[in-house]
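# Notes for the structure review
The lines below spell out each chain.
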Amino acid sequence: MSQFAGLSDISISEDIPVEGDISVPVGSQNPDDDFSTLDEPVKDTILRDLRAVGQKFVHVLYPKKSSALLKDWDLWGPLLLCVTLALMLQGGSADSGEDGRPQFAEVFVIIWFGSVIITLNSKLLGGTISFFQSLCVLGYCILPLTVAMIVCRIVLLGALSSVSFVVRLIVVTASFSWSTFASTAFLADSQPANRKALVVYPVFLFYFVIGWMILTFSPSP
Amino acid sequence: MANTDFHLQFQEFEDEQGFTEHNQGATTVTIDDPIKSRKQRKATGTAFEEDDNDDKTEIFISSKGLLSGQRKSAPFWTFEYYQTLFDVDSHQVKNRIIGSILPWPGKNFVEVYLRSNPDLYGPFWICATLVFAIAVSGNISSFLVNQGQPEFRYVPDFSKVTMAATAIYSYAWLVPLALWGFLTWRNRKITSLVSYSFLQIVCVYGYSLSIYIPAVILWIIPSEGLRWCSIVVALCLSGSVLVMTFWPAIRDDKPRITIVIISTIVILHVLLAVGCKACFFSTYEMDPSKDHNEPSAATNTSSSTKPK
């Protein structure tokens, strides 16, 4: 080991030139070059977005703690669900002015305005989730309630009896708890620990109101 | 060592300004909700920026030494200002709701529960819950009343939600605004009054409405006696919370003004309760009329929808 004995005397002096080449490999690292979506056929674009939306639907129906909804948020799914729900709640009757049935715009406003208020609430309480991620989660978790609406419409094609009411009540209650549970599974991690209940309660109220609108829907004669 | 004695004393703060003047440089411990102060002691250093309070300088003793809470320095057009208004934990909200439902003589709601940390979470969401509770219960009760008639087709009345929302939110914001303005004006003449900030008054009013939520749910049962009974009980409880809160602020004033203020607070509270009942729970099938002066209209059973 004696050849290392003199190493302690080595110091870098100014007369040793340090030179060389620093080269950074500049390849085609620009991701836009690889995934330029301008040239692809429109069908591919639409199918890709639809597949993303469908994948998120699956995540909502089987809520596990995954970050798929949060990482790649989009608002197409919520828009689709909201329009479907509002159209079905409207009943399609021309004389809906005299009923107190919610108009299309009212349902739309409730869903979007409600989502915005809940998002603001969770951010004000110190949540780390971003605004649009939260809107995305809340919108996608309306899916069980939309399914319940479809089921209720089908049930109402039969007679308007108390049996149908009980069936509808069970379906709406189950789907409303499913929605609340699913959105809590996605949102709960981003909240401080001692405020989880404060964030979950408005979500519960929101889905309760939507479930109420679905349950009290009665078709026009 | 002398500070540990403070832990054992329960201090009532009568006059907030006097307290801060006397104790400008002293080391004081504010006797707080024990759970809250324990949590704050645990959380010093990490959550310390949440200790900003709006109009009272509080000094907390922590393991890191003497740390002083500052006034809210964020201007009101920034998001951080509003975050300080939502600086509550779940158990704090629960305690405040319980404190507004079960008033204890001598426990001023503002001093015991708010402690210069008024929040807007409670008032906003309690009002929202009340609005939807009224709408849902009103619909259910009108459905139950008309259920026996075979020709009746139940139609949900959605306009009730907007009416209820307007009434309740304007009560919860405009009345505190008027009260705060009046108290501030009187405070200039009589300087020894306990003064509440606007947010504290909004907070008290918001939490005092929480007793109405179970009362409104009880109104589903179509029995007039039960409805009036629950109104009276709810009015007594929430009215006494309000009266006990504002009594220290106005008792030094002239007795005539005191009586006028107290009776105004109580009368407005009564009007809200009776108005909601008459408006949303009348058993008329026709458009509900906003008639505060005819509570007897609600006792008429509707016969207009019976088919002839």
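Residues numbered from 1 in each chain as written. Chains lettered and ligands numbered in written order. Predicted model: local features only at pLDDT ≥ 70, side-chain atom pairs only at ≥ 80, totals over all residues. Heavy atoms only, no water.

## Notes on the overall build of chain B
Our working definition: Strands are runs of DSSP state E lasting at least two residues, helices are runs of H or I lasting at least four, and both sets are numbered from the N terminus onward. Pairs of residues are marked as contacts when any of their non-hydrogen atoms sit within 4.5 Å. Only the protein chains shown count as cover for residues, and the accessible areas themselves come from Shrake-Rupley with a 1.4 Å probe.
A count of helices and strands for chain B gives 12 helices and two strands. Of all intrachain contacts in chain B linking residues separated by at least 6 positions in sequence, the fraction that spans at least 24 positions is 69%. Of the roughly 15,600 Å² of accessible surface on chain B, a fraction of 64% belongs to carbon and sulfur atoms.

## Focus on helix α5 (residues 104–124) of chain A
Threshold: Expected helix span is taken as 1.5 Å per residue step, with the number of steps being one fewer than the number of residues. Relative accessibility under 20% of the residue-type maximum defines a buried residue, over 50% an exposed one, and the middle range a partly exposed one, all with a 1.4 Å probe and only protein chains included.
A rise of 1.5 Å per residue sets the reference length of α5(A), with its 21 residues, at 30 Å; its end C-alpha atoms lie 30 Å apart and thus fit the reference within 8%. Within the sequence span of α5(A), burial applies to A:V107, A:I110, A:I111, A:W112, A:G114, A:S115, A:I118, A:T119, A:N121, A:S122 and A:L124. Considering only its buried residues, α5(A) is in contact with α4 (76–90), α6 (131–140) and α9 (196–215) of chain A together with α4 (79–84) and α7 (121–145) of chain B. Following α5(A) by one or two positions, A:G126 has its phi on the positive side, about 100°.

## Quick look at the pattern of salt bridges
Residue and element names in this part refer to chain B. To keep it simple, the criterion reads: One speaks of a salt bridge when a side-chain nitrogen belonging to Lys or Arg is within 4 Å of a carboxyl oxygen belonging to Asp or Glu.
What the rule picks out here adds up to five salt bridges over all chains. Across the pair R96 and D119 runs a salt bridge whose closest N-O atoms are separated by 2.5 Å. Remark: D119 occurs in the loop between α6 (109–114) and α7 and R96 occurs in helix α5 (residues 90–101); sequence separation between them is 23 residues. The pair formed by R96 and D119 is uniform in burial state, with each residue classed as buried.

## So, the UniProt feature "transmembrane region" (unreviewed entry) in chain B
Note the threshold: UniProt positions are given in the numbering used here, feature names are shortened, and annotations may be inferred rather than shown by experiment.
Within the UniProt annotation, "transmembrane region" (unreviewed entry) is assigned to residues 124–144, 164–185, 197–219, 225–247 and 259–284 of chain B. End C-alpha atoms of residues 124–144 of chain B are separated by 30 Å, and the span's content is 100% helix alongside 0% strand.

## Details of the packing of helix α7 (residues 143–156) of chain A against α9(A)
Residues and elements named next belong to chain A. Going by this rule: In this description, a line fitted to the C-alpha atoms serves as the axis of each element, helices being fitted only across the stretch in contact, and the angle between N-to-C directions of two axes falls anywhere from 0 to 180 degrees. For classification, angles of less than 35 degrees are called roughly parallel, those exceeding 145 degrees roughly antiparallel, those between 65 and 115 degrees roughly perpendicular, and all remaining angles oblique. Left-handed describes a crossing whose near helix is turned anticlockwise from the far helix by less than a right angle; the clockwise case is right-handed. Asp, Glu, Lys and Arg are counted as charged, while Ala, Val, Leu, Ile, Met, Phe, Trp, Tyr, Cys and Pro are counted as nonpolar; the rest, among them Gly, fall into the polar class.
The geometry of α7 relative to α9 is characterised by a closest axis approach of 10 Å and an angle of 10° between their N-to-C directions. Judged by the angle between their axes, α7 and α9 are roughly parallel. Read as a crossing pair, α7 and α9 show a hand that is right-handed. Residues L145, M149 and C152 of α7 pack against Y207, I210, G211 and I214 of α9. Considering only residue class, the contact of α7 with α9 consists of six nonpolar, one polar and no charged.

## Things to note about the state of the cysteines
Stated formally: Two cysteine sulfurs form a disulfide in these notes if their separation is within 2.5 Å.
Applying the stated criterion across every chain yields a total of zero disulfides over all chains. Considering cysteine sulfurs only, A:C136 is the nearest to A:C141, which forms no disulfide, with 8.8 Å between them. With no disulfide of its own, B:C229 has B:C236 as its nearest cysteine by sulfur position, at a separation of 10.0 Å.

## Quick notes on the packing of aromatic side chains
Note the following rule: To pair, rings of Phe, Tyr and Trp, with the six-membered ring standing in for Trp, must have centres within 6.5 Å; the planes then decide the type, stacked if under 30 degrees apart, edge-to-face if over 60, and tilted in the middle. By definition, being over a ring means that NZ of Lys or CZ of Arg is both within 6 Å of the ring centre and within 35 degrees of the ring normal.
Under the defined criterion, the tally for this structure stands at 15 aromatic pairs over all chains. Seen in terms of ring centroids, A:F131 and A:F132 are 5.3 Å apart; in terms of plane orientation they differ by 85°. Their pairing is edge-to-face. For A:F131, a relative accessible area of 28% puts it in the partly exposed group. A:F132 gets classed as partly exposed once you look at its relative accessible area, which sits at 38%. Look at A:F176 and A:F208: their rings are 6.0 Å apart centre to centre, the planes differ by 70°, and that puts the pair in the edge-to-face class. Remark: A:F208 occurs in helix α9 and A:F176 occurs in helix α8 (residues 162–187); sequence separation between them is 32 residues. Looking at A:F176, the relative accessible area reads 12%, which means it is buried. Look at A:F208 and you get partly exposed, because its relative accessible area is 35%. Over the aromatic face of B:W185 sits the side chain of B:R186, whose NZ or CZ is 5.3 Å from the ring centroid.

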